[in-house]
Amino acid sequence: MAQLYSSVKPTPMLKDELDIVIPTIRNLDFLQMWRPFFEQYHLIIVQDGDPSKVINIPEGFDYELYNRNDINRILGPKASCISFKDSACRCFGYMVSKKKYIYTIDDDCFVAKDPTGKEINALEQHIKNLLSPSTPHFFNTLYDPYRDGADFVRGYPFSMRKGAITAVSHGLWLNIPDYDAPTQLVKPLEKNSRKFDLPLRLPILYVDAVMTIPKGTLFPMCGMNLAFDRELIGPAMYFGLMGDGQPIGRYDDMWAGWCVKVICDHMGWGVKTGLPYIWHSKASNPFVNLKKEYNGIFWQEEAIPFFQSVTLPKECTSVQQCYLELAKLVKEKLGKVDPYFITLATGMVTWIEAWEELNSEERTEAKAPNGNKE
């Protein structure tokens, strides 16, 4: 007797509560590989560069497409806070989303495989990370105690085992690591593998672990495989002014990460890093990167101690209040390092103003994109 198989695809986790945000300057053929995992979700595509260029998107995806003309039309003068000719423009997608969660990925990132050869559903793992608690106040030496097969180790306080809300899930990369330009130049052949390749002596391997970054510890956040609770921490996910007209690049996601971590620590929320992995397909030009990063390499030696020493006042009880306080301190403290930080602080304030305005109920109907929607 013939067996009957259902053609109905199972509903993925958080299907109606999550948007996928993709910044791009090219055709999105990479979505074909992600189709089994992304097809049932809504995409927000932010086109950088020339707005007259036609971006081809594979059929069958539900999406909104915004270009620079859309950004200028929707935000008006406040569009000045959104970077141009830089992947930092992705944060406009965070602003126009109406979903609780965001996953953002770069267009040169593909589906990775675990050490058994199984394709990794990165989005599903991010969701699991976000929906389970974090442990920012006390480190568990078996990493994430809420994963299947793990638990709290002996000596972990029972009073703290409830954990904290998870605001951010920071994923990693196989193949091409997220290195800065100097490291790229001295390690041109280094790649991240899912198994130890003896002839190449690869030092970085697939690590099957998720961990909470402890309270008081900063980290270099990478935006190419990142998920977060938009309703919780979204107003702080501003990928700072970079790219065209700015003296710095490739620090947009790290700036957001420093701000987010300080605010999460203040609010008592957790940030996870580790699984899932994606396959980062190509290394960017280290000489181009060095030109973009040059100022940042020096400025980070001032910026990081600033964020390490920041204490937000107890009167800051919302993310917006925390972020505006940070903007004030950036202008006051880092403005002495370079005038760029005064510009950046102004952008931070404008970002919050635009976020508040765009997410008011009156503006909901006014933000339709010019791009197509399948």
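Residues numbered from 1 in each chain as written. Predicted model: local features only at pLDDT ≥ 70, side-chain atom pairs only at ≥ 80, totals over all residues. Heavy atoms only, no water.

**Looking at the nonpolar core**
Inside soluble globular proteins, nonpolar side chains tend to come together where they are buried. Ranked by internal contacts, the top residues of the largest apolar core, which has 72 residues, are Leu-75, Ile-233, Trp-255, Tyr-323, Met-348 and Trp-351. With ten residues, the single largest contributor to this core is helix α10 (residues 340-358). In this structure, Tyr-323 is in contact with Pro-235, Ala-236, Tyr-238, Trp-255, Cys-259, Ile-263, Met-348, Trp-351 and Ile-352, ignoring residues within four places of it in sequence. By size, the runner-up hydrophobic cluster in this structure holds 32 residues, among which are Ile-20, Leu-31, Ala-122 and Cys-222. (Core = buried A, V, L, I, M, F, W, Y, C linked by side-chain atoms within 4.5 Å. Buried < 20%, exposed > 50% of the residue type's maximum accessible area, 1.4 Å probe, protein only. Helix = DSSP H or I, 4+ residues; strand = E, 2+ residues; numbered from the N terminus. Contact = heavy atoms within 4.5 Å.)

**Thoughts on the packing of helix α7 (residues 252-267) against helix α9 (residues 319-333)**
A pair of packed helices can be characterised by two numbers: the angle between their axes and the separation between those axes. α9 packs onto α7 with a crossing angle of 125° between their chain directions and a minimal axis gap of 10 Å. The angle between the axes of α7 and α9 places the two elements in the oblique class. The handedness of the crossing between α7 and α9 comes out as right-handed. The segment α7 lies against α9, with Trp-255, Cys-259, Val-262, Ile-263, His-266 and Met-267 engaging Val-319, Cys-322, Tyr-323, Leu-326 and Val-330. For the contact of α7 with α9, a count of residues per class yields ten nonpolar, one polar and no charged. (Axes fitted to C-alpha atoms, helices over the stretch in contact; angles between N-to-C directions. Parallel < 35°, antiparallel > 145°, perpendicular 65-115°, else oblique. Left-handed = near helix turned anticlockwise from the far one by under 90°. Nonpolar A, V, L, I, M, F, W, Y, C, P; charged D, E, K, R; others polar.)

**Notes on the packing of aromatic side chains**
All chains considered together, the criterion is met by 22 aromatic pairs. Between the aromatic rings of Tyr-238 and Trp-351, the centroid separation amounts to 5.0 Å while the plane-to-plane angle is 25°, which identifies the pairing as stacked. Here Tyr-238 is found in the loop between α6 (230-233) and α7, whereas its partner Trp-351 is found in helix α10, with 113 residues between them in sequence. Trp-351 matches Tyr-238 in its accessibility class, with the two residues each being buried. Judged by centre distance (6.1 Å) and plane angle (40°), the rings of Trp-255 and Phe-341 are tilted. One end of the pair, Trp-255, is in helix α7; the other, Phe-341, is in helix α10, with 86 residues separating them in the sequence. Per residue, the accessibility class of Trp-255 equals that of Phe-341, and both read buried. Among the aromatic residues, ring-to-ring pairing joins Trp-255, Trp-258, Trp-299, Phe-306, Phe-307, Tyr-340 and Phe-341 into one connected group. Positioned above the aromatic ring of Phe-158, the side-chain terminus of Arg-161 is 3.8 Å from the ring centre. (Phe/Tyr/Trp six-rings, centres within 6.5 Å; stacked < 30°, edge-to-face > 60°. Lys NZ or Arg CZ within 6 Å of the ring centre and 35° of its normal.)

**Let's talk about the environment of Tyr-94**
Position of Tyr-94 relative to the elements: it lies in helix α3 (residues 91-96). In the structure, Tyr-94 is positioned 63 residues away from Pro-157 in sequence and 37 Å away in space, judged by C-alpha atoms. Apart from residues lying up to four places away in sequence, Tyr-94 is in contact with Val-21, Ile-102, Thr-104, Phe-228, Arg-230, Met-237, Phe-239 and Trp-355.

**Points about the confidence of the model for the protein chain**
Here the protein chain averages 92 in pLDDT, and 91% of its residues register 70 or above. Overall, residues 1-6 carries pLDDT values under 50, and its contacts beyond four positions in sequence, including any with other chains, amount to zero contacts. Here residues 196-203 is a poorly scored stretch, pLDDT under 50, and it has seven contacts once near neighbours within four places are set aside; other chains count. (pLDDT = per-residue confidence, 0-100.)

**As for helix α2 (residues 68-75)**
Those residues of α2 that fall on the buried side of the exposure criterion are Arg-68, Asp-70, Ile-71, Ile-74 and Leu-75. Looking straight down α2, one finds its buried side chains confined to an arc of 155°; they lie on one side. Where the residues of α2 are buried, they touch β2 (42-47), β3 (62-66), α3 and α10. Put simply, Asn-67 is the residue that caps the front of α2, since its side-chain oxygen is 3.0 Å from the backbone nitrogen of Asn-69. Once α2 finishes, Gly-76 follows within two positions and takes phi at roughly 65°, a positive value. (Arc of directions from axis to C-beta. Polar contact = N/O pair within 3.5 Å; in protein donor to acceptor, adjacent residues only side chain to side chain.)

**Comments concerning the UniProt feature "site: Required for activity" (unreviewed entry) in the protein chain**
This chain's UniProt record puts "site: Required for activity" (unreviewed entry) on Arg-154 and Arg-161. With respect to the helices and strands, the residue Arg-154 is situated in the loop between α4 (122-131) and β6 (166-175). Relative to the helices and strands, Arg-161 is located in the loop between α4 and β6. For Arg-161, the contacting residues outside a window of four places in its chain are Tyr-146, Phe-152, Val-153 and Tyr-156. (UniProt positions renumbered as here; feature names shortened; annotations may be inferred.)

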